Amino acid sequence: MPPVTRTELAGHIVMAFDAGRAGRAELLAAAASSHARPQVIAVLQRLPDQEYRSVRDLWHHLADVPIGG
């Protein structure tokens, strides 16, 4: 199974920011509704439970996730 990338992750959660900020719960719900792989869900579960202004705000917490494949 290929590793989760930032590109894949963003593709599953970008819609969570349509209404503005999004918390970890909203990001997990967006990933689940877009049928993300379990590995994507696991990466999102590592995020601190706080609000994020954009997808870019996640990368500080997920520095080990590669950009693309």
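Refer to the preceding data block for the structure.
All values reported here derive from a predicted model rather than from experimental measurement.

Visitor: Is there a simple way to explain the environment of histidine 12 in this structure?
Guide: Relative to the helices and strands, histidine 12 resides in helix H1 (residues 6-13). For the pair histidine 12 and valine 40, spaced 28 residues apart in sequence, the C-alpha to C-alpha distance is 8.6 Å. If sequence neighbours within four positions are ignored, histidine 12 has contacts with Ala30, Ala31, Ser34, His35, Ala36 and Val40.

Visitor: Before we go on, may I ask you to explain the side chain of histidine 12 in this structure?
Guide: Owing to a relative accessible area of 14%, histidine 12 belongs among the buried residues under this scheme. Here serine 34 takes part through its side chain, which lies 2.7 Å from a polar atom of the side chain of histidine 12.

Visitor: Can you walk me through the nonpolar core in this structure?
Guide: Note on soluble globular proteins: their nonpolar side chains tend to be buried together. Counting residues in each nonpolar core, the largest one holds 21 residues, and the members touching the most others are Leu9, Ile13, Leu27, Leu44, Leu47, Leu58 and Leu62. Those elements giving two or more residues to this core turn out to be H1, helix H2 (24-33) and helix H3 (38-45). Considering each element in turn, this core owes the most residues, four residues, to H3. Beyond its immediate chain neighbours, meaning those up to four positions away, isoleucine 13 contacts Leu27, Ala30, Ala31, Leu44, Val55 and Leu58.

Visitor: Honestly, the pattern of salt bridges in this entry has me stumped. Any pointers?
Guide: Proximity of charged atoms lets side chains of opposite charge pair with each other. In the structure shown here, the tally under the stated rule is three salt bridges. Across the pair glutamate 8 and arginine 37 runs a salt bridge whose closest N-O atoms are separated by 2.7 Å. In this pair, glutamate 8 is assigned in helix H1 and arginine 37 in the loop between H2 and H3, connecting sequence segments 29 residues apart. According to the relative accessible area criterion, glutamate 8 is partly exposed, its value standing at 21%. The partner of aspartate 64 in a salt bridge is arginine 46, with the nearest N and O atoms 2.6 Å apart. Remark: arginine 46 occurs in the loop between H3 and strand E2 (51-52) and aspartate 64 occurs in the segment after E2; sequence separation between them is 18 residues. Judged by relative accessible area, which is 52%, aspartate 64 ranks as exposed.

Visitor: Looking at this structure, how should I read the environment of arginine 24?
Guide: Assignment of secondary structure puts arginine 24 in helix H2. Judged by relative accessible area, arginine 24 falls into the partly exposed class, the value being 24%. When the C-alpha positions of arginine 24 and arginine 46 are compared, they lie 9.2 Å apart, and in sequence the two are 22 residues distant. When near neighbours in sequence (up to four residues on either side) are disregarded, arginine 24 contacts Leu44, Gln45, Leu47, Pro48, Asp49 and Gln50. Separated by 2.8 Å, the side chain of arginine 24 and the backbone oxygen of leucine 47 make a polar contact.

Procedures and definitions
Residues numbered from 1 in each chain as written. Predicted model: local features only at pLDDT ≥ 70, side-chain atom pairs only at ≥ 80, totals over all residues. Heavy atoms only, no water. Helix = DSSP H or I, 4+ residues; strand = E, 2+ residues; numbered from the N terminus. Contact = heavy atoms within 4.5 Å. Buried < 20%, exposed > 50% of the residue type's maximum accessible area, 1.4 Å probe, protein only. Polar contact = N/O pair within 3.5 Å; in protein donor to acceptor, adjacent residues only side chain to side chain. Core = buried A, V, L, I, M, F, W, Y, C linked by side-chain atoms within 4.5 Å. Salt bridge = Lys/Arg side-chain N within 4 Å of Asp/Glu carboxyl O.

Bear in mind that shape data such as this cannot, by itself, settle questions of function.
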